[in-house]
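# Inside the fold
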Amino acid sequence: MTIKKSAPTKFPVTAFVEEGPYYKTGSPERQVIADENVPGIILTVEGQVNDTAGKPIAHAWLDFWQADGTGQYDNEGYVLRGHQYSDKKGRYHLETVKPLGYQSRSPHVHVKVRAADKSPILTTQLFFPAEKKNKTDFIFNQLSVMDVQRTKDGDKAVFNFVVET
Ligand code: FE
């Protein structure tokens, strides 16, 4: 009789969601992408970047961009745009405002994530639970909905990424 070894747990890579028209390269390195002049409810997003074995990835690159609380992107400058690197435990932390959906889109935060320089780039969009437009937005993906708590200090969202290394 042969005893089969169980396969190691493999976590699925975070769902791809299209880049859309407003990505710009060259974003500044920072965790705070909104200042007090940007309209919108305060939003913090945090979580972890892991590999498909569930191991945290230190120094993963995350590049965020999004609309403000009125649905506007800054296409001239870098307001609501910024990249950062995960810490030693794979954690990231973003301080921003909650974006408003525009046209047919439900509210979303765009992000690209890469484990290391030569790794594939994951492009996705992070969504909010219980948004009306989630039902009608063709780009919406249930797999990239964040956990969001409303607090007196704004919305606190959590999302963990799984990327290929
Ligand atoms: Fe967008």
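Below: a short report on this structure. This one's a predicted model, so the numbers in the text were calculated from it and none came from an experiment.

## With respect to the pattern of salt bridges
Per the stated rule, a full pass over the model turns up six salt bridges. K112 is paired through a salt bridge with E19; the nearest N and O atoms lie 2.7 Å apart. Taken as a pair, K112 in strand β5 (residues 108-114) and E19 in the segment before β1 (42-50) lie far apart in primary sequence, 93 residues in all. The buried category is assigned to K112, whose relative accessible area is 7%. The salt bridge involving K98 is made with E131; its shortest N-O contact spans 2.7 Å.

## What about the packing of aromatic side chains?
Within this structure, the stated rule accounts for eight aromatic pairs. Between F127 and F140, the ring centres sit 5.0 Å apart and the planes meet at 70 degrees, which makes this aromatic pair edge-to-face. Linking F127 in strand β6 (residues 122-127) with F140 in the loop between β6 and β7 (147-151), this pair joins segments that are 13 residues apart in sequence. As far as burial versus exposure is concerned, F127 and F140 are alike and both buried. Three or more aromatic residues link up through ring pairs in this structure, and these residues are F64, Y92, F159 and F161. The ring of F128 carries the charged tip of K98 above its face, separated from the ring centre by 4.9 Å. Against the face of W61 rests R114, its NZ or CZ located 4.7 Å from the ring centre.

## A look at the coordination of the iron ion
Distances from the iron ion to its protein donors, Y73 (OH), Y102 (OH), H108 (NE2) and H110 (NE2), fall at 1.9 to 2.1 Å. Of note, the iron ion draws all its donor residues from one chain, in the sequence arrangement Y-x28-Y-x5-H-x1-H. One end of the pair, Y73, is in the loop between β2 (61-66) and β3 (81-85); the other, H110, is in strand β5, with 37 residues separating them in the sequence. Using a relative accessible area of 11% as the deciding quantity, one classes Y73 as buried.

## Side note on the sheet that holds β3
Reading across the sheet, the four strands line up as β3-β2-β5-β6 and stay open at both edges, with antiparallel pairing between neighbours. Across the chains shown, the open sheet's two edge strands, defined by having one partner strand only, are β3 and β6. Taken over all neighbouring pairs, the strand axes of this sheet differ in orientation by 20 degrees on average, direction set aside. In terms of strand pairing, β2 meets β5 through six bridges, oriented antiparallel. Opposite F64, over in β5, you have V111 as the bridge partner.

## Here we look at the pairing of β1
Inspection of the sheet shows β1 paired to strand β4 (residues 91-97) by seven bridges, in the antiparallel sense. Its bridge partner being in β4, L43 is matched across the sheet by T96. Looking at chain direction, β1 and strand β8 (residues 154-158) are connected through four bridges and run parallel. Within β8, the position partnered with V45 by the bridge is A157. Taken together, the two bridges between β1 and strand β9 (residues 161-162) define a ladder with parallel strand orientation. Bridged to V49 within β9 is F161.

Calculation notes
Residues numbered from 1 in each chain as written. Predicted model: local features only at pLDDT ≥ 70, side-chain atom pairs only at ≥ 80, totals over all residues. Heavy atoms only, no water. Salt bridge = Lys/Arg side-chain N within 4 Å of Asp/Glu carboxyl O. Helix = DSSP H or I, 4+ residues; strand = E, 2+ residues; numbered from the N terminus. Buried < 20%, exposed > 50% of the residue type's maximum accessible area, 1.4 Å probe, protein only. Phe/Tyr/Trp six-rings, centres within 6.5 Å; stacked < 30°, edge-to-face > 60°. Lys NZ or Arg CZ within 6 Å of the ring centre and 35° of its normal. Donors = N, O, S within 2.8 Å, 3.2 Å for Na, K, Ca; no water. Pairing = 2+ DSSP bridges. Axes fitted to C-alpha atoms, helices over the stretch in contact; angles between N-to-C directions.

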